[in-house]
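Here's the letter readout for the chains.
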Amino acid sequence: MIEVIVYGKESCPQCVTAKNLMDRFKDTIPGEYKCTYKKLDVDFTREELFAIFPDAKTFPQISVNGTSVTFDQFKTTIDSLL
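No experiment lies behind these values; they were computed from the predicted model shown.

The rules we used
- Residues numbered from 1 in each chain as written.
- Predicted model: local features only at pLDDT ≥ 70, side-chain atom pairs only at ≥ 80, totals over all residues.
- Heavy atoms only, no water.
- Axes fitted to C-alpha atoms, helices over the stretch in contact; angles between N-to-C directions.
- Helix = DSSP H or I, 4+ residues; strand = E, 2+ residues; numbered from the N terminus.
- Left-handed = near helix turned anticlockwise from the far one by under 90°.
- Contact = heavy atoms within 4.5 Å.
- Nonpolar A, V, L, I, M, F, W, Y, C, P; charged D, E, K, R; others polar.
- Pairing = 2+ DSSP bridges.
- Salt bridge = Lys/Arg side-chain N within 4 Å of Asp/Glu carboxyl O.
- Buried < 20%, exposed > 50% of the residue type's maximum accessible area, 1.4 Å probe, protein only.

(A) Structural detail: the packing of helix α1 (residues 13–28) against helix α3 (residues 71–81). Interaxial distance between α1 and α3 falls to 10 Å at its minimum, and their mutual angle equals 30 degrees. The hand of the α1/α3 crossing is left-handed. Two secondary-structure elements touch here, α1 through Q14, T17, A18, L21, M22 and F25 and α3 through F71, F74, K75, I78, D79 and L81. In the contact of α1 with α3, the residues fall into eight nonpolar, two polar and two charged.

Encoded structure:
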């Protein structure tokens with residue numbers, strides 16, 4: 001199973017793009033996926049974010065199977081699969 005978690009925030013165009021890519025991926029590519037979008041101050045705090053991504057400076061932060069990936073890496077990978 002592949003687990004994707006996108007950590008985003010309000011008014012973040014890249015967060016919206018990452019969520020949309022994640023949704024298209026899980027709806028288009030057959031397989032077992034767990035895809036979750038979490039929103040700052042609703043699903044997690046800044047402290048919780050820094051515990052997971054200590055070097056985080058921007059949004060979104062993305063985890064694939066527990067490994068941090070950049071927005072660009074995520075976008076490139078998903079675009080190549082779709």
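(B) Representation of the pairing of strand β3 (residues 61–64). As paired elements, strand β1 (residues 2–8) and β3 share four bridges and run antiparallel to each other. Looking at β3, one finds that Y7 is bridged to Q61. Relative to strand β4 (residues 67–69), β3 is paired through three bridges, and the arrangement is antiparallel. Looking at β4, one finds that V64 is bridged to T67. Between β3 and β4, which pair antiparallel and follow one another directly, the connecting turn spans two residues, one of which, N65, has a positive phi of 50 degrees.

(C) Expanded view of the pattern of salt bridges. Scanning the model with the defined rule gives five salt bridges in all. One salt bridge in this structure joins D23 and K26, with 3.7 Å as the shortest N-O distance. One end of the pair is D23 and the other is K26, both in helix α1 and three residues apart, which spans about a single turn. Taking the relative accessible area as the measure of exposure, K26 reaches 36% and is therefore partly exposed. One salt-bridge network, held together by shared partners, links K19, D23 and K26.

(D) Inspection of the environment of R46 at higher detail. Within the element layout of this structure, R46 appears in helix α2 (residues 46–52). For R46 and A56, which are ten residues apart along the polypeptide, the C-alpha to C-alpha distance reads 9.9 Å. Sequence-distant contacts of R46, that is, excluding residues within four places in its chain, are made with L40 and F59.

Function cannot be read off these values alone, since they describe shape.
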